Structure formats: structure tokens, C-alpha cells
Amino acid sequence: MDAATAATAMVWFRKGLRVHDNPALDAARRGAARVYPVFVLDPRYLRPDPDAPSPGSARAGVARVRFLLESLDDLDSRLRRLGSRLLLLRARDDVSDAVCAALKDWNISKLYFESDTEPYALTRDKRVTDFAAASGIEVFSPVSHTLFDPAEIIEKNGGRTPLTYQSFLNIAGEPPAPVAKEYSVLPPIGDTGEYELFSVPKLEELGYGNISQEAVPPFRGGETEALKRMRESLQDKEWVAKFEKPKGDLSAFLKPATTVLSPYLKFGCLSSRYFYHCIQDVYRSTKMHTKPPVSLTGQLLWRDFFYTVSFGTPNFDHMKGNKICKQIPWRESEELFVAWRDGRTGYPWIDAIMIQVFPEKRVTTLRLSCFPFSVSSFCLHHLQLLDHVNYFGHFLGCQLRKWGWMHHLARHSVACFLTRGDLVCIIYTIAWFVLFVCNLACEV
């Protein structure tokens, strides 16, 4: 009996909620006789918070939670078609404790999971890998959430983080090809003993109560929807070849000016490498096409650039201790903030935009793409407010109240603070912002 025949493996899903181009899943399929696909529901992320600025948890709006649940449901369906299923566990407090307990109780000999460079994930994953090492469990953690491995990019740059887009491109080159292998069956799941395995919960089962239909976004989560949207977008080869940011009708709604694939990339329902290479296939069939940074592939490269900078910059999610963040002595004024929030600044353009936020006040649901940038710039440049809790609670809460996604210009507003000191100094800054708004610097 060889090692693969005797091995039992766990594939620990976090992001990377897909079957296609999933190196961790593919390696487990080839390296073990039994494979346990696992996702652990994280109370830190999912527990409802009555004090949150909009319906949801302290770290995610309700639309984002819904998108995750839909993605898990779709992943389970796709795994079942391959003769497997998603084993859903609930953590009482710490996800790493639940994973380590399952590794021990199920006698797992190999652990596979997608690498994650975010600070919370690095801490969580180290606890699990330390346990695995002490228990003699092999660990395979490939990079597949981004086009490139941020650590390799920094190493190629002499140990320095590239701080400009062009320097990043000069180092990066072409990304690795996606896993091309398609398969029709996965190894069976082993014995789960007396473990309580959950089905994917509904929002109401998590304690969110009744959510109005108006709050349901038009973008359903999951790999199936991601691949469908990608293929529909890439069918228009002329549009793909001529895609150029920031050109385009940014107020378009029925047919958006972008692919609307950012949330699917964030949750890993769509592989960025697969998407990149599919775009390249379209380019090869056209005579001319736009180039980075404005092209469609250029947007994916922007995404990787910022992942690399965030990974290589200590305290990237804070102002203090962040060497690339301007240190600004912000002031606080509750009176000015309330005037801005309620549309009473005396500046008609700003007040008209803010009134659009409130359903009971607005005369139309149209919000131009420049609105978020205008109101945030006014609050921060003109009023110079620091009120981080009120500002971001209100701004994100209102933007996320209906559908849960924010226009990319609003994201740029926050990113500008981190790099040029233009915006408000908030305690959580970009790490907290990304938890709500789906995906950093990528509106494709």
C-alpha cells in the first residue's frame, strides 16, 4: 500500500470557494485515498452585531454574509456532483481550534489549504500549522488567491516591497498557468464519527431576522454564477479588447461598465489566474487590445500589486507604525460631522448627494459614480474630520444598506488615505474596509 492509498487528507476552504483551478483540492485529490472538504463558520465574521452601522456583523454587511452563504451552498452542490460534499463545522470561538480538533479526531495525515496573506489569516493559519507540525501532519498551502506569490515578488525585488505599479510589473512577468486538469470524481469522505455536520445556514438561522427584499443584491454568490458572468463578459471580444479604465459609462446600471466579478474574485469563486488566461485567449483572437494599467488584465494586476504591498508593509492596516502612510494630526467635530451626515453643510452639491443616501428623503435612486468620492472628499478635505467610527459607520452603512457593494471610486478614496494622507485616519483602515467592501483595488 503506497502513501497516497493510505493517506487521509483535509482540504480546508476559507477563500478559494471553487472547484476549478484549485491547487489545494487538486493536490489532495491526487495525494490521498480519502478527502475531507471542510469549511468552518467563523463567529468573528458571522455573528450578528446589533450595534453595527448597517444590518450584519461587526465585520461584514448582511449582503456580504449572504454572498458567502450562497457561495458555500454552490460549492457544496459542485462537490456533491463529484461524489463528495462540503463538511460544514461551527467554531465556538476560534476557527483554528475547530480545525485542529477535526485534524486529530479524523486522523488526518495531510492538510491542504490556500495560502492567505491577510494579518488575521496569518495568525490563524500559524496556530493550525504549528499543531500540524507537532502532530506529524503534512501541510501543503499553495498560492492561488492571487496571480503571483507576494513573498516571491518581494524576494525578486531584493527583499523590498515594490511601491509602484510599474516596478511591480517589471518584476512580476507572466503569472503561472491555472490548473488545467478537469475531473469527474473526488475521493470519498472518511468517517466523521460523532461530529455534528451542518448544512449551509440561512441568514435567519444565523440570527439576522427578516431582511427586506430590497436588501437582496442582484449578484448571487458562488462559482457557478462567477463562471457564467465571466463567460458572458468575454463573449464580447471587442469590448474586452477595448476595455480601458477609467473610461466607460460609470453610471451604467442595467449593463455595468465592468464585469462585476470583483466579489467573486474576493471570495475565490473565480480564479484570478483562470480569468487572466481567459482574457489572454481573447486578446490573441483580436488584432489590437488595450494594455496595463488600463486594460482588463491591468485591473487584475492592480489587485495583485496591492496585495503585495499590503503583505510586505508592516502595519499596513494602521496609520501609526506604517512607514508608507502619512502621519496626520486629525481633529474631531461632532457638530460638523452631523451636518455633513444629514445634508446640512450649506453646499448644495454635497447636501444633494447626502440626501440620496436616505430612502425617505431621496427623489430618485440614481447615484452617480462620483457621488461617494465627492462627499468623502468634502468631509475630509474641507471639514478635516477624524471621527472614524461615525464616518465609516455611516458612510459604509448607507452604501451597503441596499446591495452591499461600493463603487470603486469610494474605495479609491480610502486607498488614497493610505498612500497620500488624503483621507480620514481610521483605526481599522484598509483591513476593516476590505472586510466590508469585498476586494481591494479591483473593479473589473
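Everything here concerns the structure above.
Here's what I pulled together on the structure shown here. A quick note: this is a predicted structure, and the numbers were derived from the prediction, not measured.

Thresholds, definitions, all that
- Residues numbered from 1 in each chain as written.
- Predicted model: local features only at pLDDT ≥ 70, side-chain atom pairs only at ≥ 80, totals over all residues.
- Heavy atoms only, no water.
- Helix = DSSP H or I, 4+ residues; strand = E, 2+ residues; numbered from the N terminus.
- Buried < 20%, exposed > 50% of the residue type's maximum accessible area, 1.4 Å probe, protein only.
- Polar contact = N/O pair within 3.5 Å; in protein donor to acceptor, adjacent residues only side chain to side chain.
- Contact = heavy atoms within 4.5 Å.
- Pairing = 2+ DSSP bridges.
- Axes fitted to C-alpha atoms, helices over the stretch in contact; angles between N-to-C directions.
- Right-handed = clockwise from strand over helix to strand, strands pointing away.
- Parallel < 35°, antiparallel > 145°, perpendicular 65-115°, else oblique.
- Phe/Tyr/Trp six-rings, centres within 6.5 Å; stacked < 30°, edge-to-face > 60°.
- Lys, Arg positive; Asp, Glu negative; His and termini not counted.
- Salt bridge = Lys/Arg side-chain N within 4 Å of Asp/Glu carboxyl O.
- Left-handed = near helix turned anticlockwise from the far one by under 90°.
- Nonpolar A, V, L, I, M, F, W, Y, C, P; charged D, E, K, R; others polar.

With that settled, consider the side chain of Thr-146. Along the chain, Thr-146 falls in the loop between strand S5 (138-140) and helix H7 (150-156). For Thr-146, a relative accessible area of 4% gives the class buried. Looking at Thr-146, its side chain comes within polar contact range of the main-chain oxygen of Phe-148, at 2.6 Å. Beyond its immediate chain neighbours, meaning those up to four positions away, Thr-146 contacts Ser-272, Arg-273, Arg-303, Asp-304 and Tyr-307.

Taken in spatial order, the five strands line up as S3-S2-S1-S4-S5 in an open sheet, and their pairing is parallel. The two strands at the open ends of the sheet, each matched to only one other strand, are strand S3 (87-90) and S5. The sheet shows a mean angle of 25 degrees between the axes of neighbouring strands, direction not considered. Taken together, the four bridges between strand S2 (residues 34-41) and S3 define a ladder with parallel strand orientation. Residue pairing for S3: Phe-39 is matched across the bridge by Leu-88. Against the sheet, helix H4 (residues 62-80) makes contact with strand S1 (8-13), S2 and S3, and its axis sits at roughly 170 degrees relative to S2, the strand it touches most.

So, on to the pairing of strand S4 (residues 110-113). Across the two faces of S4 the burial is the same, with Lys-110 and Tyr-112 and Leu-111 and Phe-113 all buried. Note that S4 and S5 share three bridges and pair parallel. Across the sheet, residue Lys-110 finds its bridge partner in S5, namely Glu-138. For the crossover that starts at S4, traverses helix H6 (residues 119-134) and ends in the parallel S5, the hand is right-handed.

At a minimum axis distance of 10 Å, the contact between helix H8 (residues 165-172) and helix H13 (residues 296-312) shows a crossing angle of 95 degrees. Classified by the angle between their axes, H8 and H13 sit roughly perpendicular to one another. For the pair H8 and H13, contact is made by Tyr-165, Phe-168 and Leu-169 and by Gly-298, Leu-301, Trp-302, Asp-304, Phe-305 and Thr-308, respectively.

So, on to the packing of aromatic side chains. By convention here, two paired aromatic rings are described through the distance between centres and the angle between planes. According to the stated counting rule, one finds 14 aromatic pairs in the structure shown. An angle of 70 degrees between the planes, with centres 5.9 Å apart, marks the rings of Tyr-112 and Phe-140 as edge-to-face. Taken together, the residues span a long stretch of sequence, with Tyr-112 in strand S4 and Phe-140 in strand S5 at a distance of 28 residues. Here Tyr-112 falls in the buried class, since its relative accessible area comes to 6%. Residue classification places Phe-140 among the partly exposed residues on the basis of a relative accessible area of 37%. With centroids separated by 6.0 Å and ring planes inclined at 20 degrees, the aromatic side chains of Trp-302 and Phe-306 adopt a geometry described as stacked.

Right, let's get into the side chain of Asp-21. Residue placement: Asp-21 occurs in the loop between S1 and helix H2 (23-31). Of the buried charged residues, Asp-21 lacks a salt bridge, with Arg-18 as the closest side chain of opposite charge at 4.4 Å. Here Val-179 takes part through its backbone nitrogen, which lies 2.7 Å from a polar atom of the side chain of Asp-21. Discounting residues that sit within four places of it in the chain, Asp-21 has contacts with Pro-178, Val-179, Ser-271, Arg-273 and Tyr-274.

Before going further, it helps to examine the pattern of salt bridges. Under the counting rule described, the total for this entry stands at 16 salt bridges. Notably, a salt bridge pairs Glu-223 with Arg-78, separated by 2.8 Å at the nearest N-O pair. A residue pair is termed long-range when its members are at least 10 positions apart, and Glu-223 in helix H9 (residues 223-235) and Arg-78 in helix H4 qualify at 145 residues. Comparing Glu-223 with Arg-78 shows no difference in burial state: the two are buried. Residue Arg-124 is joined to Asp-125 by a salt bridge in which the shortest nitrogen-to-oxygen separation is 2.9 Å. Given the relative accessible area of 8%, Arg-124 is considered buried. Salt bridges sharing common partners tie together Arg-14, Arg-124 and Asp-125.

Glancing now at the packing of H9 against helix H12 (residues 272-284). When two helices pack together, you describe them by how their axes are tilted relative to each other and by the distance separating the axes. With their axes 11 Å apart at the nearest point, H9 and H12 run at an angle of 20 degrees to one another. In terms of orientation, H9 lies roughly parallel with respect to H12. When the axes of H9 and H12 are compared, the crossing they make is right-handed. Together, Leu-227, Met-230, Arg-231 and Leu-234 of H9 and Tyr-274, Phe-275, Cys-278, Ile-279 and Val-282 of H12 make up the contact between the two elements. Its residues assigned to classes, the contact of H9 with H12 shows eight nonpolar, no polar and one charged.

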